[in-house]
Amino acid sequence: MTELEMKLKAKIPGEDTGIEIRHSLCAICSPSHHCGLDCYVKDGEIIRVEGTPGHPYSHGKLCTKGSAQRNYIYREDRIKTPLRRVGERGEGKFEPISWEEAYEIIARRLNQVKETYSPHSVAFYSGYSKWYRPIYHRFAYVFGSVNFGTDDSVCAVAKKIADKVTAGCEGAPDMAHANTFLGWNYDGYYSHHLSVEGVRKLKERGGKVIIIDIRDTPAAKNLADLFLQINPGTDGALALGMAKLIIDNGWADMEYVEQYTYGFEQYKELAEEYTLEKVSEITGLDPEDIYEAARLYATNGPACTNYSASALVHHINGFNSHRAILCLSALTGNFDRVGGNYPIPASYLRQPAGFKTRDEEFRNNREPEGAPRIGAGRFPLWDAKFNEFQTMDLMRQIEEETPYPVKAVFALGLNAKLFPETDRLLEVMKQKLDFIVDVDLFMNMSAKYADIVLPACTSVERSELKCYRGGYLVYTKPAIEPLYESKSDVDILCELARVMDLDDDLLKGGYEACLDWIIEGCGLTMEDLKKSDVPVRVPSAVWPVKPGGCLKNGFPTPTGKFEFYSTEIAAVDPKYGLDPLPGYRDSLEDQNSPEMREQYPFYLCTGARLPYAIHSRVHKTPWLRSLRPDPTCEINRQDAACLGLKEGDSAVLSSPYGEIRMKVKVTGKIKPGVILTVPGYTEANVNNLIGRDHLDPYSGFPGYKGMRCNLRKSQEAET
Ligand SMILES: Nc1nc2c(c(=O)[nH]1)N[C@H]1C(S)=C(S)[C@@H](COP(=O)(O)OP(=O)(O)OC[C@H]3O[C@@H](n4cnc5c(=O)[nH]c(N)nc54)[C@H](O)[C@@H]3O)O[C@H]1N2
Ligand SMILES: Nc1nc2c(c(=O)[nH]1)N[C@H]1C(S)=C(S)[C@@H](COP(=O)(O)OP(=O)(O)OC[C@H]3O[C@@H](n4cnc5c(=O)[nH]c(N)nc54)[C@H](O)[C@@H]3O)O[C@H]1N2
Ligand SMILES: [Mo]
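Heads up: these notes are all about the structure in this document.

Rules and cut-offs
Residues numbered from 1 in each chain as written. Chains lettered and ligands numbered in written order. Predicted model: local features only at pLDDT ≥ 70, side-chain atom pairs only at ≥ 80, totals over all residues. Heavy atoms only, no water. 1 Å grid on protein atoms, 1.4 Å probe; cavity = no way out; pocket = protein on both sides within 12 Å on 5 of 7 lines; lining within 4 Å. Points joined across faces, edges and corners; volume = space filled by probe spheres on them. Helix = DSSP H or I, 4+ residues; strand = E, 2+ residues; numbered from the N terminus. Phe/Tyr/Trp six-rings, centres within 6.5 Å; stacked < 30°, edge-to-face > 60°. Buried < 20%, exposed > 50% of the residue type's maximum accessible area, 1.4 Å probe, protein only. Lys NZ or Arg CZ within 6 Å of the ring centre and 35° of its normal. Near = heavy atom within 4 Å. Areas by Shrake-Rupley, 256 points an atom, 1.4 Å probe, with all protein chains shown as cover. Salt bridge = Lys/Arg side-chain N within 4 Å of Asp/Glu carboxyl O. Polar contact = N/O pair within 3.5 Å; in protein donor to acceptor, adjacent residues only side chain to side chain. Nonpolar A, V, L, I, M, F, W, Y, C, P; charged D, E, K, R; others polar. Pairing = 2+ DSSP bridges. Right-handed = clockwise from strand over helix to strand, strands pointing away. Arc of directions from axis to C-beta. Axes fitted to C-alpha atoms, helices over the stretch in contact; angles between N-to-C directions.

## Section: empty space enclosed by the protein
According to the stated counting rule, one finds 6 cavities of 30 Å³ or more in the structure shown. If you add up the space inside the largest cavity, you get close to 70 Å³. Counting only elements with at least two residues in the lining of the largest cavity, the list comes to β1 (19-25) and β2 (36-42). Looking at which element gives the most residues to the lining of the largest cavity, the answer is β1, with 3 residues.

As structure tokens, this is what we get:
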């Protein structure tokens, strides 16, 4: 009996149940969290799912979203066949067509744009899903367009670039050896459930945990020895204040600073301005707590830090706030040291796993030239440090056609709801684009603007290559056949490459041929991988990766040092006004006129994660939606009382850009003056309240988590 047959017998005794358990993975969430999934299949249908026991990364765990997998897969709004638009863009009227016809139309229309304008006039876009990216990235390049762009324009990459221009590389927390964990905007319970175990173990060893958050979270409650409930968007000031305390009290590791860092004197001078009194005023924190956080972090080392993919860098001052926090790591001698933060190179899909693949070469060795990427003129640092277009400039370029027109958008997972001023973007696309293709699982609001819509299938209906920390690779097998006429995204891309006769034998050879090329040299082939349906250890993997490389060989920065003063930022044309030091600016500095303050007195933070929501992809998944049926915003009880609002009231949330209607949740977990909500609802799209130019000039990231707003009781009949 196989391991799975034994498991089935233990769970469901009896003969001939007709049920089989098949291993797969859950891809609802981010690439670092693709939990192993066991699917119980009967008559070609999944009737139950649970986490894969013994999975080397997820260890049998599955979060709220993953547990609703069945409900997600069998949703009624799944796109069933290729579709051609027959109504107005946005109207949602389509007719089914065959795959052949769809490919033929796409090939013809994309080539038309290429010939009439240029290949760069086709923008290739991807929403949140990452698994197909190497294939897709290369597809865009082989087609000839420089414009491949993704949700990376608003997720995590600001942090990565800030790391690169400071340390030359990113530093992952070495939780296993730290004595103190600085959980700066860390709430693993909601956004990274698998990470909580590491923090719990640290505590069990007697380690200390500091949590800095704007809301009282499960991490604050369950893990924190010290919890600082900070005013939103003021983290940069706190980090500089902590730096001053660390320097003034002699807690800095001056040997490290002298040997390995650059620009300490300027940094010290900057920090000098951030007195305890001033920082307490900006951040709303008790001076004693600030002092204690600095003392604990600097003196109870080694100390590692959590760097959030979104919470900080979703403020228009977020890039430098992140740098200011990162600098604390070097100031205390914790960067690239055991128990601190140190670099672990990416293996595949930009995830660290301890072995090498040719993912980046595969994506980039066909990179075309001949035009600047979208956003290059506005966000030079982004453009210099990351090989994707900055999608936050897409709307402007489509509208203004400078420096050249963009006339077609080819998208996998188009979801305009992630973009600030969503409705305006959709209108601009509707008016100005010649051709739009969208490949998605579900018929969402944005897909309705596409000329051709193609049905993708979910992770349980296809195969996927995935790497895991610890040196593992898996090539999953489909647990069920693709539903309806849906296909795997990578098959769609490779088939289209053939129809278009793109000049690339790898893409035309199919997904597995591409993967064979990518993993060559790691010690396993696709044939080897296919023999297992759970992750296998890669022979060339070295894990754990050890720290110390930068200290020994020099940091990968222009000076070879950790740069408090970034020489790469200093080299950017001064007309962009970028500060080489991690200086602090107000996160509402573009909205501080007296009229704005009066009209929009609240601070709107959107998108702090909730365990049963992820972007817009599960809002229509009934089980998950039932946990929070109405679009809801949270407000402190004092403010609610002042506004005459009660729990469950219908209210209008407004900003200078628009209004939406939401239900009110009254809470003690956020401070007065702050309003919290999540994006992704079609009927209450909070991104219509965020200005498209409310962007961080360093990264181009939008200030999703820092916008002025107001809330008033809805005058209409309460529902
Ligand atoms: N206001 C506000 N806005 C935000 C954020 C915030 O915090 N606040 N967070 C930002 C961040 S960090 C992110 S990452 C983005 C994410 O935002 P999006 O990229 O919009 O994320 P999703 O809505 O999850 O997914 C996009 C689309 O991909 C589809 N999809 C799912 N799986 C597949 C697949 O396998 N193939 C294909 N072809 N399509 C698939 C989904 O159905 C969906 O329509 O949102 C950003 N927007
Ligand atoms: N359940 C769930 N999990 C997710 C996602 C999801 O949508 N749902 N999205 C995934 C994606 S794409 C991303 S990018 C990551 C993001 O994951 P994280 O980086 O963890 O981001 P958040 O949960 O938005 O923010 C973390 C904490 O920061 C706090 N915070 C917000 N603003 C501020 C601030 O100004 N200062 C401080 N100090 N704290 C602040 C929030 O209250 C929250 O508790 O999550 C991933 N995981
Ligand atoms: Mo994200």
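## Side note on the packing of aromatic side chains
Each aromatic ring pair is described using two quantities: the centre-to-centre distance and the angle formed by the ring planes. For the structure shown, the criterion picks out 31 aromatic pairs. Here the aromatic rings of W99 and Y103 are separated by 5.6 Å at their centres, their planes lie at 45°, and the arrangement is tilted. Within this pair, W99 and its partner Y103 are both found in helix α4 (residues 99-116), separated by 4 residues, close to a single helical turn. Accessibility expressed as a relative area gives 8% for W99, which makes it buried. Under the relative-accessibility criterion, Y103 is labelled buried at 5%. Pairwise contacts between aromatic rings join F124, W131, Y132, Y136, F139, F143, F148, F410, Y475 and Y511 into one cluster. The ring centre of F143 lies 4.2 Å from the NZ or CZ of K114, which sits over that ring. A cation over an aromatic ring shows up here: R462 above the ring of W131, its NZ or CZ 3.6 Å from the ring centre.

## Remarks on the site of ligand 1
In the vicinity of ligand 1 there are 33 residues, among which N415, D440, S616, R617 and N687 approach most closely. Protein chains bury 98% of the 910 Å² of accessible surface belonging to ligand 1 in isolation.

## Regarding the pattern of salt bridges
By the definition in use, this model includes 57 salt bridges. Between D152 and R350 there is a salt bridge, with its nearest N and O atoms 3.9 Å apart. You can see D152 sitting in the loop between β7 (148-150) and α6 (157-164) and its partner R350 sitting in the loop between β15 (346-348) and β16 (351-352), a full 198 residues away along the chain. The burial state of D152 is the same as that of R350; both residues are buried.

## Quick look at the site of ligand 2
In the neighbourhood of ligand 2, 33 residues make up the surrounding shell, with S191, D213, D235, S308 and A613 lying closest. A distance of 2.9 Å separates an oxygen atom of ligand 2 from a polar backbone atom of G233. Across the complex, the protein chains shield 97% of the 900 Å² of accessible surface that ligand 2 would expose by itself. When residues of the shell around ligand 2 are traced back to their parent elements, those giving at least two are α7 (188-191) and β10 (208-213). Residue composition of the shell around ligand 2, by class: 16 nonpolar, 10 polar and 7 charged.

## What about the pairing of strand β6 (residues 122-126)?
Most of β6 sits out of view: 5 of its 5 residues are buried. Residues V122, F124 and S126 line one face of β6 and the alternating positions A123 and Y125 line the opposite face, and both faces are buried. Bridge count for β6 against strand β17 (residues 408-412) is 5 bridges, and the pairing is parallel. Note that in β17 the partner of S126 across the bridge is L412. Both β6 and β7 contribute to a ladder of 3 bridges, which runs parallel. Each residue of the ladder has a partner; that of F124, found in β7, is F148. Crossover connection from β6 via helix α5 (residues 133-143) to parallel β7: handedness right-handed.

## Details of helix α19 (residues 422-432)
Three or more residues of α19 are buried, namely T422, L425, L426, V428 and M429. The buried residues of α19 occupy an angular sector of 160° when the element is viewed end-on, so they sit on one face.

## Some thoughts on the sheet that holds strand β28 (residues 674-677)
The strand order around the closed barrel built from 6 strands is β24-β28-β25-β27-β26-β29, with neighbouring strands paired in mixed fashion. Each neighbouring strand pair of the sheet contributes to a mean axis angle of 45°, computed without reference to strand direction. Looking at chain direction, strand β25 (residues 632-636) and β28 are connected through 3 bridges and run antiparallel. Residue pairing across strands places E634 opposite L676, the latter belonging to β28.

## Describing the pairing of strand β19 (residues 452-455)
Each regular strand shows side chains that alternate between the opposite faces of the sheet. Here β19 shows no split at all, with I452 and L454 on one side and V453 and P455 on the other all buried. Of the pairings in the sheet, the one linking strand β4 (residues 83-85) to β19 comprises 2 bridges and is antiparallel in character. Residue pairing across strands places L83 opposite V453, the latter belonging to β19. Here strand β18 (residues 435-440) runs beside β19; their pairing, made up of 4 bridges, is parallel. Each bridged residue has a counterpart across the sheet, and for V437 the counterpart in β19 is I452.

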